[in-house]
Amino acid sequence: MAELLFETYGVRSVAFGVDAVFSYKYNQLHGICEKDGLAICPGFTTTHVIPFVDGEPVYKGCCRTNIGGYHITDYLKQLLSLKYPHHMARFTWEKVEDLKMEHCYIAPDYALEAQLFQKGGKEAEYKTRCWQLPWVPLPTDEPPSEAEIARKAAIRERQGQRLREMAEAKRSSRINELENQLQGLEFLLQQLGQVQEEDIQSFLSETGYASKQEIELTLTKVTQSLRKAKGEPKPEQAENEEKADSCTSDKYPLINVPDNMLTPEQLKEKKRQIFLKITTEGRQRAKQKRVEEELERERKTQQDEERRLENPQLYLEQMHTKYKELYEKVEQRKRLKTNGGHTNGSSSGGVGRGERLNAAQRERMRLLTTAAFDRGKGEDTFGAKDEDWQLYKLMGKDNDDDDDGADEDEAELARVSSRLQEIDPTFVPKPEPTASQPATTEVPHVRPLTKEDFQIVLGVERFRCPEILFHPNLVGIDQVGLDEMTGVSIRRLPSKDKALANRLTSSVFMTGGCSLFPGINERLEAGIRMLQPCGSPIKVVRALDPVLDAWRGASLYAANSRFHQQTFSRSDYYEKGEDWLRQYQVRYTL
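Just so you know, these numbers come straight off a predicted model, no measurement behind them.

Visitor: Can you break down helix H5 (residues 110-119) residue by residue, with the values?
Guide: Residues of H5 that are buried: Glu113, Leu116 and Phe117. Axial view of H5: buried residues confined to an arc of 90°, hence all on one face. Of the residues in H5, the exposed ones pointing more than 90 degrees away from the buried face are Leu112, Gln118 and Lys119. Packed against the buried residues of H5 are helix H6 (122-127) and helix H16 (461-464). The backbone nitrogen of Ala111 has a side-chain oxygen 3.2 Å away, supplied by the residue at the start of H5, namely Asp109. A positive backbone phi angle near 80° is found at Gly120, which sits one or two residues after H5.

Visitor: Describe the packing of aromatic side chains, listing the residues and the values that go with them.
Guide: Throughout the structure, instances matching the rule amount to 15 aromatic pairs. Pairing Tyr24 with Phe509 gives two aromatic rings, centres 5.4 Å apart and planes at 90°, and the pair type is edge-to-face. Taken together, the residues span a long stretch of sequence, with Tyr24 in helix H2 (residues 19-29) and Phe509 in strand E8 (residues 508-510) at a distance of 485 residues. What makes Tyr24 buried here is its relative accessible area of 0%. Between Tyr557 and Phe563 the ring centres are 5.3 Å apart and the planes differ by 85°, which places this aromatic pair in the edge-to-face class. Overall, the relative accessible area of 25% leaves Phe563 in the partly exposed class. Among the aromatic side chains, those forming a connected cluster through ring pairs are Phe6, Phe16, Phe568, Tyr573 and Tyr574.

Visitor: Can you explain a positive patch on the surface? Please cite residues and give values.
Guide: On the surface, Lys221, Lys228, Arg283, Lys287 and Arg290 cluster together into a positively charged patch. For the positive patch, the elements supplying multiple residues, two or more each, are helix H9 (212-230) and helix H11 (264-310). Its location among the elements puts Lys287 in helix H11. By relative accessible area, which is 52% here, Lys287 ends up exposed.

Visitor: Please give an account of the confidence of the model for the protein that cites residues and values.
Guide: Per-residue confidence for the protein gives a mean pLDDT of 81, with 82% of residues at or over 70. Confidence over residues 341-355 falls short of pLDDT 50; this stretch has 16 contacts with residues more than four positions distant or in other chains. Under a pLDDT of 50 for its full length, residues 435-441 has, in the predicted model, six contacts with residues more than four places off or in other chains.

Visitor: Before we move on, can you summarise unusual backbone geometry with the specific residues and values?
Guide: One non-glycine residue, Asp54, lies in the positive phi region at around 55°. One can find Asp54 in the loop between strand E3 (47-53) and strand E4 (56-57). Its relative accessible area of 62% is what places Asp54 among the exposed residues.

Reading the values: rules and limits
Residues numbered from 1 in each chain as written. Predicted model: local features only at pLDDT ≥ 70, side-chain atom pairs only at ≥ 80, totals over all residues. Heavy atoms only, no water. Buried < 20%, exposed > 50% of the residue type's maximum accessible area, 1.4 Å probe, protein only. Helix = DSSP H or I, 4+ residues; strand = E, 2+ residues; numbered from the N terminus. Arc of directions from axis to C-beta. Contact = heavy atoms within 4.5 Å. Polar contact = N/O pair within 3.5 Å; in protein donor to acceptor, adjacent residues only side chain to side chain. Phe/Tyr/Trp six-rings, centres within 6.5 Å; stacked < 30°, edge-to-face > 60°. Patch = residues over 30% accessible without salt bridge, like charges linked within 9 Å, V, L, I, M, F, W, Y side chains within 5 Å. Areas by Shrake-Rupley, 256 points an atom, 1.4 Å probe, with all protein chains shown as cover. Salt bridge = Lys/Arg side-chain N within 4 Å of Asp/Glu carboxyl O. Lys, Arg positive; Asp, Glu negative; His and termini not counted. Charge placed at Lys NZ, Arg CZ, Asp CG, Glu CD. pLDDT = per-residue confidence, 0-100.

Next comes the structure, spelled out in structure tokens:
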């Protein structure tokens, strides 16, 4: 410290002192303590006991323990964090320090106080403190009123009307676009018909089309799209097939030509045209199927809406019944697929592999077992007969028909659930069952948080934490407590005068922040009485202001006229060296 002050900050002179001594001398002026006594200062990280003889400190008799207010606060923070881990963020250092100074106390007898809280009762309840954290009660879930239901229905109706208007505007724009495109293609075909045959390629190169057939195919697609957008009925199937055949014959001219009439290059081209034709037809069939499914869904939706308008209450009940039946059906199928429907004859409820297989899978297993058994009897003749190869068809996975309706049921369940959410504001869909959580397992009920869940109860923590001042081994520090420190300090004095020991114990002075704990004077007096001879005078007093008296005493010391005699200058530091400072001892003259 001296090196830092002199060499870094360049101060002119320095004087050192001990805070407990300043506080003792200040309170001695006010008649709180005598000239002979013991100053006990439980500070932030350490606790000191300094004996005073004839008003001066005897540092050879000092005693120190590495325990202080920091350890009490840290211990209380640990106990509360373990007790309330979900409120750990609330236990900041500043808040725990406030709780310590406001609620902690020193128990007269630690064991009896712990038994009191262990038994419970009115006295323990009276000594318990409660810290209420901020808490806002959850809003109660009340069923919506008729006015609220009507309001939500009106909002949905307005939203639906707005969506219909947007869809109609989009449809009109699409129709206009398709009509313009159709007129352009028809005009292009008219122009193409007036062009000479040798100028067709140059004419088509400017339009972006490769051939007349491509223009006609595009014209057909645009016509179908326009008819679909306008909602017009489809043309006759024969007409479509005739157009398709004509387009196919023009686009794929080599398909119907026999192979013996084609060159090797034409055969390769024919195979390519066959592949393209099959792929195109597959895409068209898939597209046609999607269109039919969409029209079927629109038809069902229209029918459902008509039924709902006829009798809304009956329609709602039927939809709820249908949803329940579909949900139970899907749930039953998933449960059987996951763990079967039996316990396989065991008391533990285990499920065998065979019970998880459907009928087609069990039949496949039987055929495989039979074929393997027949092969082991003698000569392997499997495949000699045409009937043997039918087993491959029977054992194929394409015969699993049990799960065909699963996707349809789940799709229908989703449609019904979506429909119920539209027409019934109170409808809540059930959670979908999974393999990790079977459908029969109920969703665990979560208890809503109450006011009591946001209360921090301080019971045994109030006296358990400051008890480490007297028993540091509670936090793993193998040292003596406050009461034993007084005996150690008296024994370290050079003089073994019994009268001096009585004078010291008759003026035990407490200073420092930890001396503010209620009951510390009584507990310290009882502890010293157990260590001193019977009849020894014992008196424990507390400083006027345990926190600020050290500063007040230091300020009086610095204001004294002889203060400059107790300081040493920078020249003394450079002349005598830092070792001289180790022997420096201030004379506390106030």
